[in-house]
Amino acid sequence: YTQAIRGSFFDITATVEHPDQLPQQARYIADGLLLIDGGRIVSLQPWEAGRGQLTDDHQLMDYRGKLIVPGFVDCHIHYPQTEMIGAFGEQLLEWLQQYTFPVESQYHCPQHAEKMSAFFLHQLLSNGTTTALVFGTVHPQSVDALFSAAEQLEMRLIAGKVMMDRNAPEYLTESAAQSYQQTRTLIERWHHRGRLSYAITPRFAPTSSPELLNAVRKLKQEFPDCWLHTHLSENPQEVAWVKSLFPENSSYLDVYHHYQLTGRRSVFAHCLHLEEQEWDCLHHTDSSIAFCPTSNLFLGSGLFNVKKSWDKRVKIGVGTDVGAGTTFNILQTLGEAYKVAQLQGYKLAACEAFYHATLGGAQALDLDDCIGNFNAGKEADFVVLDPAVSALQQLRQGNCRDIWEQLFVLMTLGDDRNIAATWVNGKSVWQRADQEKAA
Ligand code: GUN
Ligand code: FE
């Protein structure tokens with residue numbers, strides 16, 4: 001199947017080591033033509049240059065008036081926390097005990113996991129997110145349900161079963177041996193099946209015994225191309241707790257590093273209270289960070305230092321961290337990221353914000369060879385944005401002089417209404433017009 005898409009296009013053509021290099025890598029084509037064949041991008045060029053290549057085989061979609069950007073990448077999210085988003089009043093450790101663990105216990109039921117997987121993936125797509133790195137629960141059936149649903153949609157998704165064997169209710173813990181076996185079975189079933197990949201997912205150091213971390217190390221050694229996904233240095237009480245649980249390690253990250261869990265495909269959510277040596281370790285091991293602004297503000301966890309991540313040359317992506325995060329929407333997440341940066345005197349430009357949400361996030365997940373922009377050969381995952389969906393947005397967009405201001409307005413005023421359509425693997429999988437008809 002060959003597709004042709006006409007509209008305005010914006011992307012970042014190459015990864016960078018410093019934000020000053022981003023404007024040179026940005027590509028904006030006000031009237032462009034994207035050609036797709038078999039789910040992959042053939043070319044992106046100005047309409048006038050490309051229209052001659054259109055043949056009778058091409059199905060042309062006309063999105064003139066819309067802004068098309070690469071599909072958003074959510075680098076950290078918990079699908080089983082969808083139904084507890086916005087739980088009141090607590091910071092991390094109490095929030096886990098009071099709200100999170102009871103809700104996650106529901107996922108022992110395969111029917112519940114199936115129903116919530118469909119709901120969750122629909123939330124991602126209706127918010128323009130085409131790839132995510134996802135936590136399941138401790139139950140293998142939670143991950144089976146999610147991968148099955150994502151496979152139907154041909155989504156590029158990375159997920160894993162939570163591993164935990166202490167400091168959680170009995171109904172959510174397992175032995176290290178059980179955790180190893182169940183994870184291994186899931187890896188063999190799902191890793192590199194179509195566009196799906198597996199992330200070995202110890203919840204965080206406090207719910208992991210040394211035996212469990214040894215099991216994680218063994219899995220990572222046996223399956224080195226699997227991802228490693230966990231939490232790091234989110235909350236000051238959590239950091240102090242890790243120091244008391246692992247007194248022989250020099251820092252929170254040193255616990256993971258000691259068990260050889262750092263590396264190119266390791267993604268650490270939050271990283272708010274890192275010591276200098278932990279930043280250096282993330283850099284030297286080529287590990288990545290998921291920056292989750294709405295979660296960090298909602299749980300009162302702290303402020304992520306974006307500038308430091310550039311200075312230390314540590315890759316970052318953005319994560320919603322639903323259900324501690326308060327939205328599935330990446331535009332709103334970028335708006336909060338801007339405010340977190342402002343509180344520290346850092347100016348998060350729209351160009352940089354969209355980079356973190358697309359190609360930068362793809363690089364943080366070691367997926368920048370497959371997704372993140374419109375370069376030829378990339379997988380055709382993209383989102384069609386309607387730049388102005390309210391009277392206020394129309395007024396404000398009308399005052400914009402260039403694409404940078406338009407993107408900035410989208411991240412400060414935008415939300416799910418701005419997502420007009422979402423395409424995955426060269427196919428339209430969600431359209432706002434359908435929703436409006438259904439309603
Ligand atoms: N740390 C350990 N588990 C969790 C979780 O479910 N959410 C967040 N935000 N932090 C965690
Ligand atoms: Fe999280």
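Residues numbered from 1 in each chain as written. Chains lettered and ligands numbered in written order. Predicted model: local features only at pLDDT ≥ 70, side-chain atom pairs only at ≥ 80, totals over all residues.

(A) Representation of the overall build of the chain. Helix and strand counts for the chain come out as 18 helices and 16 strands. Computed over C-alpha atoms, the radius of gyration of the chain comes to 21 Å, within 12% of the 22 Å expected from 2.2 N^0.38 for 439 residues, which places it in the range of a compact globule. Projected onto its principal axes, the C-alpha coordinates of the chain cover approximately 65 × 45 × 40 Å. In the chain, which comprises 439 residues, the share counted as buried stands at 53%. Look at the contacts in the chain between residues 6 or more apart in sequence, and 75% of them connect residues 24 or more apart. (Helix = DSSP H or I, 4+ residues; strand = E, 2+ residues; numbered from the N terminus. Rg over C-alpha atoms; globule rule 2.2 N^0.38 Å. Buried ≥ 20, exposed ≤ 12 C-beta atoms within 10 Å, placed from the backbone. Contact = placed C-beta atoms within 7 Å.)

(B) Expanded view of unusual backbone geometry. In the segment running from V322 into G323, the intervening peptide bond is cis, with an omega of 0°. You can see G323 is positioned in the loop between β13 (315-318) and α13 (330-342). Positive phi, normally seen in glycine, also occurs at D366, with a value near 55°. Positive phi, close to 50°, is recorded for N425, a residue that is not glycine. Within the secondary structure, N425 sits in the loop between β15 (419-424) and β16 (427-431).

(C) Region of interest: the packing of helix α14 (residues 350-357) against helix α17 (residues 403-413). Two elements in contact, α14 and α17, have axes whose closest approach is 9 Å; the angle formed by their N-to-C orientations is 60°. In terms of their interaxial angle, α14 and α17 are classed as oblique. In the crossing of α14 with α17, the sense of the turn from one axis to the other is left-handed. Contacts between α14 and α17 involve A350, C351, A353 and F354 on the former and, on the latter, W404, L407, F408 and M411. Its residues placed into classes, the contact of α14 with α17 shows eight nonpolar, no polar and no charged. (Axes fitted to C-alpha atoms, helices over the stretch in contact; angles between N-to-C directions. Parallel < 35°, antiparallel > 145°, perpendicular 65-115°, else oblique. Left-handed = near helix turned anticlockwise from the far one by under 90°. Nonpolar A, V, L, I, M, F, W, Y, C, P; charged D, E, K, R; others polar.)

(D) Representation of the environment of M61 in the model. For M61, the position within the fold is in strand β4 (residues 59-70). A tally of 17 C-beta atoms within 10 Å means that M61 is categorised as partly exposed. For the pair M61 and V384, spaced 323 residues apart in sequence, the C-alpha to C-alpha distance is 11 Å. Discounting chain neighbours no more than four positions away, the residues touching M61 are Q3, I5 and R6.

(E) Quick peek at the sheet that holds strand β1 (residues 2-12). Read from one edge of the open sheet, seven strands run β3-β2-β1-β4-β14-β15-β16, paired in mixed fashion. Either end of the sheet is taken by a strand with one partner, and the two such strands are β3 (40-46) and β16. Each neighbouring strand pair of the sheet contributes to a mean axis angle of 35°, computed without reference to strand direction. Pairing of β1 with β4, which is carried by six bridges, proceeds in the parallel orientation. Bridging from a neighbouring strand, I5 pairs with M61 of β4. (Pairing = 2+ DSSP bridges.)

(F) The site of ligand 1, seen in detail. What surrounds ligand 1 is the set H78, L92, L96, T100, R203, F204, H231, E234, S295, D321 and A324. The element best represented in the shell around ligand 1 is helix α3 (residues 92-104), accounting for three residues. The residue makeup of the shell around ligand 1, split by class, is four nonpolar, four polar and three charged. (Near = placed C-beta within 6 Å.)

(G) Structural detail: the pairing of strand β10 (residues 227-232). In terms of burial, β10 is a largely internal element, six of the six residues being buried. Neither face of β10 is left uncovered, since the one carrying W227, H229 and H231 and the one carrying L228, T230 and L232 both have all their residues buried. When strand β9 (residues 196-202) meets β10, the two strands line up parallel, connected through two bridges. Residue A199 lies in a different strand from β10, and its bridge partner there is W227. Handedness of the β-α-β unit built from β9, helix α7 (residues 210-222) and β10 comes out right-handed. Pairing of β10 with strand β11 (residues 266-270) involves five bridges; the strand directions are parallel. By the bridge assignment, H231 is partnered in β11 with A269. (Right-handed = clockwise from strand over helix to strand, strands pointing away.)

(H) A look at helix α5 (residues 140-153). Here α5 spans 21 Å end to end across 14 residues, near enough to the 20 Å set by a 1.5 Å rise per residue. When α5 is considered as a whole, its buried residues turn out to be P140, S142, V143, D144, A145, L146, F147, A149 and A150. Next to the buried residues of α5 lie α4 (110-126), β6 (129-135), β7 (156-160), α6 (176-190) and β9. Remark: E154 follows α5 within two positions and exhibits a positive phi of approximately 60°. (Expected span 1.5 Å × (residues − 1).)

(I) Representation of the UniProt feature "domain: Amidohydrolase-related" (unreviewed entry) in the chain within the structure. Feature annotation in UniProt assigns "domain: Amidohydrolase-related" (unreviewed entry) to the following positions: residues 68-429. As annotated, residues 68-429 has a helix share of 43% and a strand share of 17%, and its two end C-alpha atoms lie 15 Å apart. (UniProt positions renumbered as here; feature names shortened; annotations may be inferred.)

(J) Molecular detail of the domain arrangement of the chain. Segmenting the chain into domains produces domain 1 (2-70 + 373-438) and domain 2 (72-364). Placing a centre on the C-alpha atoms of domain 1 and another on those of domain 2 gives a separation of 28 Å. Across the boundary between the two partners, domain 1 contributes 31 residues, which contact 28 residues of domain 2. Of all the secondary-structure elements, those providing two or more residues to the side of domain 1 that touches domain 2 are β1, α1 (22-25), β4, α17, β15 and β16. The element best represented in the side of domain 1 that touches domain 2 is α17, accounting for six residues. Split into classes, the residues belonging to the side of domain 1 that touches domain 2 amount to 17 nonpolar, eight polar and six charged. (Domains from an automatic or database assignment.)

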